Amino acid sequence: MSFQLPNLPYSYEALEPVISREIMELHHKKHHQGYVTNLNSSLEGYQKLQAENKIDGMIALQKAINFNGGGHFNHTLFWENLAPKGEGGEPQGQLLKSIEHYFGSLDKMIEEMSAKTAAVQGSGWGWLALDPQKKCLRVATCQNQDPLSTQGLIPLLGIDVWEHAYYLQYKNVRPDYVKAIWQIINWKTVNERFEKAHSK
Ligand code: MN3
């Protein structure tokens with residue numbers, strides 16, 4: 001068993017001018033590939049240690065598995081929830097109704113998610129999430145590469161606010177990147193994730 005870097009559903013320059021080709025290429029080929037490579041080698045090491053009953057070594061490897069596994073998982077979701085300008089559609093049906101119910105309007109949801117995402121301290125992610133127990137929508141943030149499942153939430157839409165996601169283009173002005181990214185959200189993917197999670 002080994003994990004693979006997924007192909008992007010668009011070309012590296014397809015998200016310009018919001019995200020430059022240079023950022024996309026490095027982010028996918030270097031950063032995401034790094035998580036995949038390190039996840040696979042950590043899992044391989046873990047299996048060897050397990051075969052040798054070396055529990056201390058297994059425990060020591062768990063941080064690397066969490067970090068690189070979360071990195072692979074989060075980035076796979078992120079590529080899919082972006083689309084070239086004009087191709088991502090709009091929130092629809094039950095998703096739109098839920099956004100309006102829990103946030104007041106789409107604009108208010110975008111405002112709240114942008115503010116909380118831009119305010120993540122250090123590296124992390126902002127998410128629009130579904131709480132599977134209460135079936136309600138909420139905005140959540142995660143540190144580093146922790147996946148949302150660590151908070152018991154289902155991810156619908158993620159924004160990567162690690163500096164590698166924007167620094168080459170937006171420098172230190174993270175709020176400008178977060179504001180611009182709404183032009184390239186793939187709401188078709190978000191609609192699908194919502195339908196799937198909500199009907200469970
Ligand atoms: Mn990233």
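What counts, and where the lines are drawn
- Residues numbered from 1 in each chain as written.
- Predicted model: local features only at pLDDT ≥ 70, side-chain atom pairs only at ≥ 80, totals over all residues.
- Heavy atoms only, no water.
- Phe/Tyr/Trp six-rings, centres within 6.5 Å; stacked < 30°, edge-to-face > 60°.
- Helix = DSSP H or I, 4+ residues; strand = E, 2+ residues; numbered from the N terminus.
- Buried < 20%, exposed > 50% of the residue type's maximum accessible area, 1.4 Å probe, protein only.
- Expected span 1.5 Å × (residues − 1).
- Bend = angle between axes of the 7 residues up to and from the residue.
- Pairing = 2+ DSSP bridges.
- Axes fitted to C-alpha atoms, helices over the stretch in contact; angles between N-to-C directions.
- Disulfide = S-S within 2.5 Å.

Caption draft 1: Region of the structure containing the packing of aromatic side chains. Tallied over the full model, the rule gives eight aromatic pairs. An angle of 50° between the planes, with centres 6.0 Å apart, marks the rings of F67 and W162 as tilted. With F67 in helix α2 (residues 55-80) and W162 in the loop between β3 (154-160) and α5 (167-170), the pair connects residues that are 95 residues apart, well separated along the chain. Among the residues examined, F67 registers a relative accessible area of 33% and is labelled partly exposed. The class for W162 is buried, based on a relative accessible area of 14%. Here the aromatic rings of W125 and W127 are separated by 5.5 Å at their centres, their planes lie at 15°, and the arrangement is stacked. For the pair shown, W125 and W127 are each scored as buried. Each residue in the set F78, W79, W125 and W127 is aromatic and connected to the rest through ring pairs, giving one cluster.

Caption draft 2: Up close: α2. With 26 residues, α2 should cover 38 Å at 1.5 Å per step; its first-to-last C-alpha distance of 37 Å lies within 8% of that length. The sharpest bend along α2 measures roughly 30° and falls at L61.

Caption draft 3: Geometry of the sheet that holds β3. If you trace the three strands from one edge of the open sheet to the other, you get β2-β1-β3, paired in antiparallel fashion. Two strands lie at the open edges of the sheet, namely β2 (136-143) and β3, each paired on one side alone. The mean angle between the axes of side-by-side strands here comes to 25°, regardless of whether they run parallel or antiparallel. Direction of pairing for strand β1 (residues 124-131) relative to β2: antiparallel, over a ladder of eight bridges. Note that in β2 the partner of G126 across the bridge is T141.

Caption draft 4: Structural context of helix α1 (residues 21-51). An ideal rise of 1.5 Å per residue puts 45 Å on 31 residues; α1 measures up with 44 Å between its terminal C-alpha atoms. Residue H27 marks the point of greatest curvature in α1, where the axis turns by about 35°. Once α1 ends, the next one or two residues include N53, with phi positive near 55°.

Caption draft 5: Geometry of the state of the cysteines. One pass over the structure, following the stated rule, counts zero disulfides. Not engaged in a disulfide, the cysteine C136 finds its nearest cysteine sulfur in C142; these two sulfurs lie 16 Å apart.

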